[in-house]
Amino acid sequence: MKDLIQNKRLLIGGSFILLLLVSSVVYTIFLDKNITPPPNAIYGEDHRLLDVPPYPPSVNYPLGVDRHGEDILWKVIDGAKYTILIALIVSAIRIGISLFGSIFFVMFLPRLTFLINSFIRAFRFVPGVFLAYIFFVTLKSNPDIQNLNLIAQQILVLGLIGGIPLTGHLAAELNQFLKKDFISCSHSLGASKSWLIRKHILNYLKPRLMILFTQQVVQSLLILVHLGVFQMIIGKVKTLKMMDGITSADSVTLSLSNEWSGLLGLSYRELMLDQWIVLGPSLAFIFTIYSFRLIGKGLEKTFEKPEPKKVPLEREALMVGSTDNPFSLVNRNDNQLDT
């Protein structure tokens, strides 16, 4: 625990994630209804119209105001809790699937290893975002599905897509671990499979799973970005009709929860208009992914075991010939040798 507290990478990454989550919760509970929204128009002298949304980044609006008159900074903060929570849940599902799956396959189905590995390898040749896109399209094709039910099924799909390949990775590590000499000795002494799992395998995997969890959070955030580009987001969306008074009405799709992939993917058209509108959610993804990478690196540094220092040959010879060793022939003088 002391090593974890003193780890700078872990502290920096964890502090940023914690600050982001606390800010998002505080905004939802206390600030959402009390913050004055941006003006619908800016007027100058003689009530002359100067500007209308979207407003570019400024001192009052650091990330700007989008085309619908909403402050992008507060939208990013509001969606932080949903995005990070989704990534954490998806990663926990992946770790759970891989942990129980790898232990079950290695310990109880060793004869089916070839078939299981062949099935798992098939997932490595198909990008996960394509599989997720197919399932998401299928789920969204049902208009009667409830929002919470839709979110639960989407999260489960993301967990399965990443959990199956991770199962093969952990199973390979377990196969190497079970070849250790002390495992063979435990078998010889009559240790049961359940005893090996509790006393050896889980203790061996515990630090490894913590590191893998942070890595899977990063992977979950990345797949959310990719799905956002395809306009596939978690949960349902709302559609608004935009009228500019000149052209016909245009439908615009918005996220209900301000989840970052929705803010990013549903504003793709702004890349040709006002690029800074997608800057806010993009920066949020970048800093969050970097923070979890810092957490992972910090855990790796904490759990890695330092190798014993090797004594140079010259120093070893000097130690052998030191005066502290009375049995060394190097230290005996000629008189002692004669006697």
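Refer to the structure printed above.
Residues numbered from 1 in each chain as written. Predicted model: local features only at pLDDT ≥ 70, side-chain atom pairs only at ≥ 80, totals over all residues. Heavy atoms only, no water.

A. Layout of the packing of aromatic side chains. As enumerated under the stated definition, the model contains eight aromatic pairs in all. Plain terms: the ring middles of Tyr133 and Phe230 are 5.5 Å apart, the flat faces sit at 55° to each other, and that makes the pair tilted. In this pair, Tyr133 is assigned in helix 5 (residues 128-140) and Phe230 in the loop between helix 8 (193-229) and strand 3 (237-242), connecting sequence segments 97 residues apart. Residue class for Tyr133 comes out partly exposed when judged on its relative accessible area of 33%. Owing to a relative accessible area of 41%, Phe230 belongs among the partly exposed residues under this scheme. Both rings, one in Phe177 and one in Phe182, keep their centres 5.8 Å apart while their planes meet at 70°; by these two values the pair is edge-to-face. On the basis of relative accessibility, which here comes to 40%, the residue Phe182 falls in the partly exposed class. By the ring-pair criterion, three or more aromatic residues cluster together here, those being Phe104, Phe105 and Phe108. (Phe/Tyr/Trp six-rings, centres within 6.5 Å; stacked < 30°, edge-to-face > 60°. Helix = DSSP H or I, 4+ residues; strand = E, 2+ residues; numbered from the N terminus. Buried < 20%, exposed > 50% of the residue type's maximum accessible area, 1.4 Å probe, protein only.)

B. Up close: the packing of helix 5 against helix 6 (residues 147-177). Axis separation between helix 5 and helix 6 bottoms out at 10 Å; the angle between their running directions is 160°. Taken together, the axes of helix 5 and helix 6 lie roughly antiparallel to each other. The hand of the helix 5/helix 6 crossing is right-handed. Taking contact as the criterion, the partners of Gly128, Leu131, Ala132, Phe135, Phe136, Leu139 and Lys140 in helix 5 are, on helix 6, Leu150, Gln153, Gln154, Val157, Leu158 and Ile161. Along the lines of polarity and charge, the residues of the contact of helix 5 with helix 6 split into nine nonpolar, three polar and one charged. (Axes fitted to C-alpha atoms, helices over the stretch in contact; angles between N-to-C directions. Parallel < 35°, antiparallel > 145°, perpendicular 65-115°, else oblique. Left-handed = near helix turned anticlockwise from the far one by under 90°. Contact = heavy atoms within 4.5 Å. Nonpolar A, V, L, I, M, F, W, Y, C, P; charged D, E, K, R; others polar.)

C. Representation of the layout of surface pockets in the model. Quantified by volume, the second largest pocket comes out at close to 420 Å³. For the second largest pocket, the lining is made up of 18 residues, of which Arg94, Ile161, Gly162, Pro165 and Gln219 are closest to its centre. Listed by contribution, the elements that provide at least two residues to the lining of the second largest pocket are helix 4 (113-124), helix 5, helix 6 and helix 8. (1 Å grid on protein atoms, 1.4 Å probe; cavity = no way out; pocket = protein on both sides within 12 Å on 5 of 7 lines; lining within 4 Å. Points joined across faces, edges and corners; volume = space filled by probe spheres on them.)

D. Spatial organisation of a nonpolar patch on the surface. Together, Phe125, Val126, Phe130, Tyr133, Ile134, Val137, Val229 and Phe230 make up a nonpolar patch on the protein surface, roughly 780 Å² of accessible area in all. Considering every element that reaches the nonpolar patch, the biggest residue donor is helix 5, with four residues. (Patch = residues over 30% accessible without salt bridge, like charges linked within 9 Å, V, L, I, M, F, W, Y side chains within 5 Å. Areas by Shrake-Rupley, 256 points an atom, 1.4 Å probe, with all protein chains shown as cover. Salt bridge = Lys/Arg side-chain N within 4 Å of Asp/Glu carboxyl O.)

E. A look at unusual backbone geometry. At the junction of Pro53 and Pro54, the peptide bond is cis and its omega measures out at 10° in the coordinates. Looking at the secondary structure, you find Pro54 in the loop between strand 2 (49-51) and helix 3 (72-108). A positive phi angle, near 60°, is found at Gln231, a position not held by glycine. As for its placement among the helices and strands, Gln231 is situated in the loop between helix 8 and strand 3. Given the relative accessible area of 34%, Gln231 is considered partly exposed. A positive phi angle, close to 60°, is found at Asn258, a residue other than glycine. Considering the arrangement of structural elements, one finds Asn258 in the loop between strand 4 (250-255) and helix 9 (260-265).

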